[in-house]
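Residues per chain are reported as follows:
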Amino acid sequence: LENSGNCDPALTSEIREIVMKTAYNMRYYDMKLGVRNLSYFMMKADEICQHIENSKYGAAFFNIKKFSLINRKYGFETGNEIISRYIKGLEKLLSDDECVCTVGGDSGVILFRPTNIRAVRNYFAGADVQVKDNSSETVHLKAVVGMNQNLTRFRDRESIMDSIVPTMNQAKRTRGTD
């Protein structure tokens, strides 16, 4: 924003900050769910591949099992709230340099340090999620996961995605998954 002399410079700066924050959120957040999206994951993957020793990270692609039943029982709006709570619950297990992001529907991706693998696996094995605010009702969610625990051989974000998507697809076909 340019100050044409008709606007208080402090207000112009405040408006600029609001516009920049809104643009950032629109690019890196799923506004419906209020959680980070695939664009954010790709940005973090780039950072890890370019600036950080990427052997310190693992990646996973996950799909919440039988989520269509949740949508049928509670409706899509409540289903979205449940997915948001599920992702935010997983996010609480992570440090600031790790991330979990939605890729749409009941699927997501995660970048994590191997020191958190046990907590991440336990969460995917089953987590109770509150259905609505101010409600004691919960749903127990499990996820099918394709995981790569060692990213040392990856040069870029595309190779990370190329490694985890097929493992998730294989996991979905494994006997005993829903």
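Here is what the cut-offs are and how they apply
- Residues numbered from 1 in each chain as written.
- Predicted model: local features only at pLDDT ≥ 70, side-chain atom pairs only at ≥ 80, totals over all residues.
- Heavy atoms only, no water.
- Axes fitted to C-alpha atoms, helices over the stretch in contact; angles between N-to-C directions.
- Helix = DSSP H or I, 4+ residues; strand = E, 2+ residues; numbered from the N terminus.
- Parallel < 35°, antiparallel > 145°, perpendicular 65-115°, else oblique.
- Left-handed = near helix turned anticlockwise from the far one by under 90°.
- Contact = heavy atoms within 4.5 Å.
- Nonpolar A, V, L, I, M, F, W, Y, C, P; charged D, E, K, R; others polar.
- Polar contact = N/O pair within 3.5 Å; in protein donor to acceptor, adjacent residues only side chain to side chain.

**Examining the packing of helix α3 (residues 67-74) against helix α4 (residues 76-91)**
Then, number 1: Between α3 and α4, the least distance of the axes is 7 Å, while the angle of their chain directions is 130 degrees. Judged on the interaxial angle alone, α4 and α3 are oblique. The interaxial crossing formed by α3 with α4 has right-handed handedness. Listed contacts from α4 to Phe67, Ile70, Asn71 and Tyr74 of α3 are Phe76, Thr78, Gly79, Ile82 and Ile83.
Then, number 2: Residue composition of the contact of α3 with α4, by class: six nonpolar, three polar and no charged.

**Remarks on the side chain of Asn37**
Then, number 1: Tracing the sequence through the fold places Asn37 in the loop between β2 (35-36) and α2 (38-51).
Then, number 2: Here the side chain of Asn37 touches Arg27 through a polar contact of 3.1 Å, landing on its backbone oxygen.
Then, number 3: Side-chain polar atoms of Asn37 contact the backbone nitrogen of Ser39, separated by 3.1 Å.
Then, number 4: In contact with Asn37, not counting residues within four places along its chain, are Met26, Arg27, Tyr28, Tyr29, Asp30, Cys101 and Thr102.

Without other data, these values stay purely geometric and don't point to any function.
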